Amino acid sequence: MKIDSNIYGAIVPHAPTLLEDEMDHKSSSVIKALQDIGVKMQEWGVEVVVAATTHWQNEEKFFIDNSPFHKTVTDYYGFRTAVEYDVAGHPQLAELLLKAGEKNLTFPNALKHGVDHAITIPLHFMFPDKNIPVIPLSVSGSPLCAFRWGRTLGTTLRNWGGKVLFLASGSLSHDLRCFMSGKMLEKHEQFDRQVLQLLSEGKGMDVFKIDQELIEMAKPEGAFRDLCMLLGVMGSQTLGYVQAYEKLPGVGQGVVEFKDLGHSEKDEELLRYYKNNDLMH
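Bear in mind that the values here come from a model prediction, so they are computed numbers and not experimental data. (Residues numbered from 1 in each chain as written. Predicted model: local features only at pLDDT ≥ 70, side-chain atom pairs only at ≥ 80, totals over all residues. Heavy atoms only, no water.)

What follows concerns the overall build of the chain. Per the secondary structure count, the chain includes 10 helices and 10 strands. Across its three principal directions, the C-alpha atoms of the chain cover 45 × 45 × 35 Å. Considering only contacts in the chain between residues 6 or more positions apart, those separated by 24 or more positions represent 82%. Surface summary for the chain: the accessible area is close to 12,200 Å², and the carbon and sulfur share equals 50%. Put simply, the chain has 28 plus and 37 minus side-chain charges, and the middle of one group is 3 Å from the middle of the other. (Helix = DSSP H or I, 4+ residues; strand = E, 2+ residues; numbered from the N terminus. Contact = heavy atoms within 4.5 Å. Areas by Shrake-Rupley, 256 points an atom, 1.4 Å probe, with all protein chains shown as cover. Lys, Arg positive; Asp, Glu negative; His and termini not counted. Charge placed at Lys NZ, Arg CZ, Asp CG, Glu CD.)

What follows covers unusual backbone geometry. Its identity as a non-glycine residue notwithstanding, His25 has a phi of 55 degrees, on the positive side. Along the chain, His25 falls in the loop between α1 (17–23) and α2 (29–44). Judged by relative accessible area, which is 74%, His25 ranks as exposed. Phi at Lys219 is positive, roughly 55 degrees, even though this residue is not glycine. Of note, Lys219 is situated in the loop between α8 (212–218) and α9 (225–234). Among the residues examined, Lys219 registers a relative accessible area of 43% and is labelled partly exposed. (Buried < 20%, exposed > 50% of the residue type's maximum accessible area, 1.4 Å probe, protein only.)

Next up on the list: the packing of helix α5 (residues 143–160) against α9. The contact between α5 and α9 brings their axes to 6 Å, and the two run at 35 degrees. By crossing handedness, the relation of α5 to α9 is classed as right-handed. On α9, the residues that touch Pro143, Ala146, Phe147, Trp149, Gly150, Arg151, Leu153, Gly154 and Arg158 of α5 are Arg225, Cys228, Met229, Leu231, Gly232, Val233 and Met234. Each residue belonging to the contact of α5 with α9 can be placed in one class, and the counts come to 10 nonpolar, 3 polar and 3 charged. (Axes fitted to C-alpha atoms, helices over the stretch in contact; angles between N-to-C directions. Left-handed = near helix turned anticlockwise from the far one by under 90°. Nonpolar A, V, L, I, M, F, W, Y, C, P; charged D, E, K, R; others polar.)

What follows concerns the packing of aromatic side chains. The tally for this structure, following the rule as stated, stands at 6 aromatic pairs. On the basis of an interplanar angle of 25 degrees and a centroid distance of 6.1 Å, the ring pair of Phe191 and Phe224 is categorised as stacked. Separated by 33 residues along the polypeptide, Phe191 in helix α7 (residues 186–200) and Phe224 in the loop between α8 and α9 bring together distant segments of the chain. The pair formed by Phe191 and Phe224 is uniform in burial state, with each residue classed as buried. Residues Phe208 and Phe224 carry aromatic rings whose centres are separated by 5.5 Å and whose planes lie at 75 degrees to one another, so their mutual orientation is edge-to-face. Taken together, the residues Phe208 in the loop between α7 and α8 and Phe224 in the loop between α8 and α9 connect sequence positions 16 residues apart. (Phe/Tyr/Trp six-rings, centres within 6.5 Å; stacked < 30°, edge-to-face > 60°.)

All right, on to the side chain of Ser28 then. By secondary structure assignment, the location of Ser28 is in the loop between α1 and α2. Note on Ser28: relative accessible area 9%, which makes it buried. A distance of 3.1 Å separates a polar atom in the side chain of Ser28 from a polar atom in the side chain of Glu246. Setting aside its immediate chain neighbours within four residues, Ser28 contacts Leu18, Asp21 and Glu246. (Polar contact = N/O pair within 3.5 Å; in protein donor to acceptor, adjacent residues only side chain to side chain.)

The next thing to look at is a nonpolar patch on the surface. Where nonpolar side chains cluster on the molecular surface, the patch consists of Met1, Leu239 and Tyr241 and spans about 250 Å² of accessible area. Checked against the element boundaries, Leu239 lands in the loop between α9 and β9 (240–248). Judged by relative accessible area, which is 38%, Leu239 ranks as partly exposed. (Patch = residues over 30% accessible without salt bridge, like charges linked within 9 Å, V, L, I, M, F, W, Y side chains within 5 Å. Salt bridge = Lys/Arg side-chain N within 4 Å of Asp/Glu carboxyl O.)

With that out of the way, let us pick up the pairing of strand β1 (residues 7–12). Look at any regular strand and the pattern is simple: side chains alternate between the two faces of the sheet. In terms of burial, β1 is a largely internal element, 6 of the 6 residues being buried. A two-sided burial pattern is seen for β1, the buried positions comprising Ile7, Gly9 and Ile11 on one face and Tyr8, Ala10 and Val12 on the other. Pairing between β1 and strand β8 (residues 164–169): 6 bridges, direction parallel. Bridged to Ala10 within β8 is Leu167. Here β1 pairs with strand β10 (residues 251–259) via 4 bridges, running antiparallel. The partner of Tyr8 across the bridge, within β10, is Lys259. (Pairing = 2+ DSSP bridges.)

Below, the structure written as structure tokens:
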């Protein structure tokens, strides 16, 4: 897939079971897809990963870790292995994002966070040499605010000009009760498949039209705010290229790639539609 912009996007999962699969030499389409994206990005010459992590969620403020170096945050337990992924940051670009957010009235704050497993696990497979700087972003605010913040991020990254991989790291369905009990429910996969289908049709914003009871049952990890950030960056109608899907009890793992669609006036029309129909706040 040809990359025509200086921004590329991806939705990635981060279940620690992926590390166990690797340890057991177990075949995994998700691991293969992450590795393939990493090779593609290295060949493209990616300069930085900007990562929205669903393990840094906040209801109000948006945060950016502008540190020159990030230490691993091991925030998962009970698995047979863990990964250490200390990695460089990119303070200069982070400062540009902070200033752009202030100018556009988002007012993000700088805060030291490190790299949690929503970042370390996918990057372990994508860039095992730890040679690509990372800027961690919180997943915050409402879906509407997250989308508008994504728009600001996208414009700033395009103007910066360097090659950027924007990651939204989170599970599709994320029902941890079922994960802990090992209970498989068809409705979790039904939800996952609906989300992936909408993304593949360039209708990612229509996830808010999915049956509300199904959404509440599936418990998407970022409550769609991570997705809204990505769609704000890449364009609300950008096509998603689904590379892999695997299901665990209660947890849907999808790998989806996105080309940059750029700024579109239709984005504002869509926002008004979703807001006026009480689908998005």
